[in-house]
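# Residue-level structure breakdown
Spelled out from the first residue to the last, the chains are:
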Amino acid sequence: MTQPSDRLFTQPTFAKRAEATVFWLLRAATYFVLLCAAVIFLDIGVKGGAVIFKTHAPFINTTFLTESPETLNVFELHGEKRQMGDRDFRAFKAEHAAELKDVRVETYVYSAGGIFPNIVGTVLLVVGSMTIALVLGVISAIYLSEYATDGPFIRFLRLAIVNLAGVPSIVYGLFGFGLFVIGLNMGVSLLAGWLTLAFMVLPIIITASEEALRAVPKGYREGSLALGATKLQTIFTNVLPYALPGILTSSVLSIARVAGETAPIMFTAAFVVRDEMPWQVKHAIDFVFQGVMALPYHIYVVASKIPQNDYTRDVQYGTAFVFLFTVAAIAATSVVLRVRLRKKYKW
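Cut-offs applied
- Numbering of residues starts from 1 in each chain and follows the order in which that chain's sequence is written.
- Local features in this predicted model are restricted to residues of pLDDT 70 or higher, and side-chain atom pairs are both shown and tallied only at a pLDDT of 80 or more, whereas totals for entire chains, interfaces and linings draw on every residue.
- Hydrogens and water molecules were not included; the side-chain quantities draw on all heavy atoms of the structure.
- Here a strand is any run of E in DSSP of at least two residues, a helix any run of H or I of at least four, and the numbering for each starts at the N terminus.
- Radius of gyration means the value over C-alpha atoms here, while the globule rule gives 2.2 Å times the residue count to the 0.38 power.
- Relative accessible area decides the class of each residue, using a 1.4 Å probe on protein chains only: under 20% of the type maximum gives buried, over 50% gives exposed, and in between gives partly exposed.
- Throughout, a contact is declared for two residues whenever any of their heavy atoms are within 4.5 Å.
- Using only the protein atoms, space was sampled on a 1 Å grid; points where a 1.4 Å probe fits but cannot get out form cavities, open sets with protein on both sides within 12 Å along at least five of seven lines form pockets, and lining residues are those with an atom within 4 Å of a point.
- Grid points are joined across faces, edges and corners, and a volume is the space filled by probe spheres set on the points.
- Each residue receives one of three labels: charged for Asp, Glu, Lys and Arg, nonpolar for Ala, Val, Leu, Ile, Met, Phe, Trp, Tyr, Cys and Pro, and polar for the others, Gly being one of them.
- Buried Ala, Val, Leu, Ile, Met, Phe, Trp, Tyr and Cys residues that are joined via side-chain atoms within 4.5 Å together make up what is termed a nonpolar core.
- Between the N-to-C directions of two axes lies an angle of 0 to 180 degrees, each axis being a line fitted to C-alpha atoms and, for a helix, fitted only over the stretch in contact.
- Helix crossings are classified by the rotation of the near helix relative to the far one: an anticlockwise turn of less than a right angle makes the crossing left-handed, while a clockwise turn makes it right-handed.
- Two strands are counted as paired when DSSP detects at least two bridges linking them.
- Criterion for a salt bridge: a side-chain nitrogen of Lys or Arg within 4 Å of a carboxyl oxygen of Asp or Glu.
- Stacked, tilted and edge-to-face are the three classes assigned to paired rings of Phe, Tyr and Trp, where Trp is represented by its six-membered ring and a pair needs centres within 6.5 Å; plane angles under 30 degrees give stacked, over 60 edge-to-face, the rest tilted.
- Here, a charge over a ring is recorded when the distance from Lys NZ or Arg CZ to the ring centre is within 6 Å and its angle to the ring normal is within 35 degrees.

Moving on to the overall build of the protein. Across its full length, the protein carries 13 helices and 3 strands. Over its C-alpha trace the protein gives a radius of gyration of 27 Å, far above what one expects of a compact globule, namely 20 Å for 347 residues. Once the C-alpha set of the protein is aligned to its principal axes, its extents read approximately 95 × 75 × 40 Å. Within the span of the protein, comprising 347 residues, buried residues form 40% of the whole. In the protein, the proportion of contacts linking residues at least 24 apart, taken out of those at least 6 apart, comes to 75%.

Written out as structure tokens, the structure is:
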């Protein structure tokens, strides 16, 4: 038989009902965000995959992945509708000048060729900026975690770093344009883009790296110091290796932001079209002082700066598909490295 006291404890109170309501609201919000992300990725995967993959050999659109963007020429000759990239059309026109004399040719910019220079430029921007950001970020985190004495100035410094993480990317772009492109006379170049993007993700890397360093038990430091090692030796041998998995976690988050930002590179590093590849330079030093093409800037141009049509639609979805795949591949490399380090340095 149920006692009155049992019914009292089994009846939900107002606080429990409110807590359950909040719990389901949080769960619904999380599922809604995941659903939106799934719809976006599915849409890009289906429509972009149709551009990249073919039903016949070699089953991949090699032209789109290996060539530079071109203007698409569409015309009708002898009752047959033809589509040609600019280079093929010039060669065809030279051979059939008389036949094309009165033919109406429609042109669509950036709707033919491929995006190979954009892929190369994106990878170069990500690798270079992440290298700079990780070096500067880890050094700063080591200072804040291992050497700095807590006080008003250090607390202000940490607060400033956290606030910098929330600054809009367009502000970093204008900062990079003013300081590196104009102030230091680097021009629109890889180096200016690297430094701008590196400064943009530095707050994330410093904060995450400092937390990773602090998470290493003090006993590791004390044991090393007790054996006669200097503080710097202790950091490099007994602290930094165990903090690397946490540091690489921040790099995964930063890679996605660096690769996807358009505003910082449109002022400092990106060109809409460039005839030569980054390695086609006269002197080695010219490599860092040249602008490059990049996937996010290309998406921005074909989506907003040119007239929209069915031909540009394929380029947009194909570029977005390759862009997501490239970012995922770079981030996956960092994840694999983090997992291997975590297995090696268990504590």
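So, about the layout of surface pockets. In this structure, the largest pocket occupies an estimated 450 Å³ of space. In this structure, the largest pocket is lined by 19 residues; those nearest its centre are Asn-61, Leu-72, Ser-111, Ala-112 and Gly-113. Put simply, the parts of the chain that give the lining of the largest pocket at least two residues each are helix 3 (62-66), strand 1 (69-77), strand 2 (80-85), strand 3 (105-113) and helix 13 (310-344). Considering every element that reaches the lining of the largest pocket, the biggest residue donor is helix 13, with 4 residues. Considered class by class, the residues forming the lining of the largest pocket number 7 nonpolar, 6 polar and 6 charged.

This next bit is on the nonpolar core. Counting residues in hydrophobic clusters, the biggest one holds 45 residues, and the most contacted among them are Leu-125, Val-126, Ile-265 and Val-322. Every element with two or more residues in this core is listed here: helix 2 (14-52), helix 5 (116-147), helix 7 (169-183), helix 8 (190-215), helix 10 (231-260), helix 12 (295-304) and helix 13. For this core, the element with the most residues is helix 8, which contributes 9 residues. The residues contacting Val-126, other than those within four sequence positions of it, are Ile-255, Val-258, Ala-259 and Ile-330. By size, the runner-up hydrophobic cluster in this structure holds 11 residues, among which are Val-138, Ile-142, Val-239 and Ile-247.

Moving on: the packing of helix 9 (residues 218-226) against helix 10. Axis separation between helix 9 and helix 10 bottoms out at 9 Å; the angle between their running directions is 145°. Where helix 9 crosses over helix 10, the handedness of that crossing is right-handed. Listed contacts from helix 10 to Tyr-220, Arg-221, Ser-224 and Leu-225 of helix 9 are Lys-231, Thr-234, Asn-238, Val-239 and Tyr-242. When its residues are assigned to classes, the contact of helix 9 with helix 10 shows 4 nonpolar, 3 polar and 2 charged.

Turning our eyes to something else, we now look at unusual backbone geometry. For Phe-59, which is not glycine, the phi dihedral falls at a positive 70°. Checked against the element boundaries, Phe-59 lands in the loop between helix 2 and helix 3. Positive phi, normally seen in glycine, also occurs at Asn-185, with a value near 60°. Here Asn-185 is to be found in the loop between helix 7 and helix 8.

Bringing the sheet that holds strand 3 into the picture now. Hydrogen bonding along the main chain pairs the strands of a sheet, whether they run parallel or antiparallel. Read from one edge of the open sheet, 3 strands run 2-1-3, paired in antiparallel fashion. Among the strands making up the open sheet, the edge pair consists of strand 2 and strand 3. Adjacent strand axes in the sheet meet at a mean angle of 25° when their direction is disregarded. Relative to strand 3, strand 1 runs antiparallel, the two sharing 6 bridges. By the bridge assignment for strand 3, Val-74 is matched with Glu-106. The strands that helix 4 (residues 86-95) touches are strand 1, strand 2 and strand 3; relative to strand 2, the one it contacts most, it runs at about 120°. Strands in contact with helix 13 are strand 1, strand 2 and strand 3; relative to strand 3, the strand with the most contacts, it is inclined by about 5°.

A separate point is the pattern of salt bridges. Within this structure, the stated rule accounts for 12 salt bridges. With its nearest N and O atoms 4.0 Å apart, the salt bridge here joins Arg-87 to Glu-67. Within this pair, whereas Arg-87 is found in helix 4, its partner Glu-67 is found in the loop between helix 3 and strand 1, the two being separated by 20 residues in sequence. The class for Arg-87 is partly exposed, based on a relative accessible area of 42%. By relative accessible area, Glu-67 is classed as partly exposed at 30%. In this structure, the salt-bridge partner of Glu-146 is Arg-221, at a minimum N-O distance of 2.8 Å. Taken together, the residues span a long stretch of sequence, with Glu-146 in helix 5 and Arg-221 in helix 9 at a distance of 75 residues.

If you walk through the whole model with that rule in mind, you get 11 aromatic pairs. Each ring, one from Phe-177 and one from Phe-267, has its centre 6.2 Å from the other, and the planes form 55°; the classification is tilted. One end of the pair, Phe-177, is in helix 7; the other, Phe-267, is in helix 11 (residues 263-268), and 90 residues separate them in sequence. On the basis of relative accessible area, Phe-267 is assigned to the partly exposed category, the value being 24%. Centre to centre, the rings of Phe-180 and Phe-199 are 5.8 Å apart; their planes meet at 65°, and the pair counts as edge-to-face. On the criterion of sequence distance, the pair formed by Phe-180 in helix 7 and Phe-199 in helix 8 is long-range, its members being 19 residues apart. On the basis of relative accessible area, Phe-199 is assigned to the partly exposed category, the value being 26%. The ring of Trp-24 has Arg-27 lying over it, and the distance from NZ or CZ to the ring centre is 4.7 Å. Between Lys-231 and the ring centre of Tyr-147, over which it is positioned, the NZ or CZ distance is 4.8 Å.

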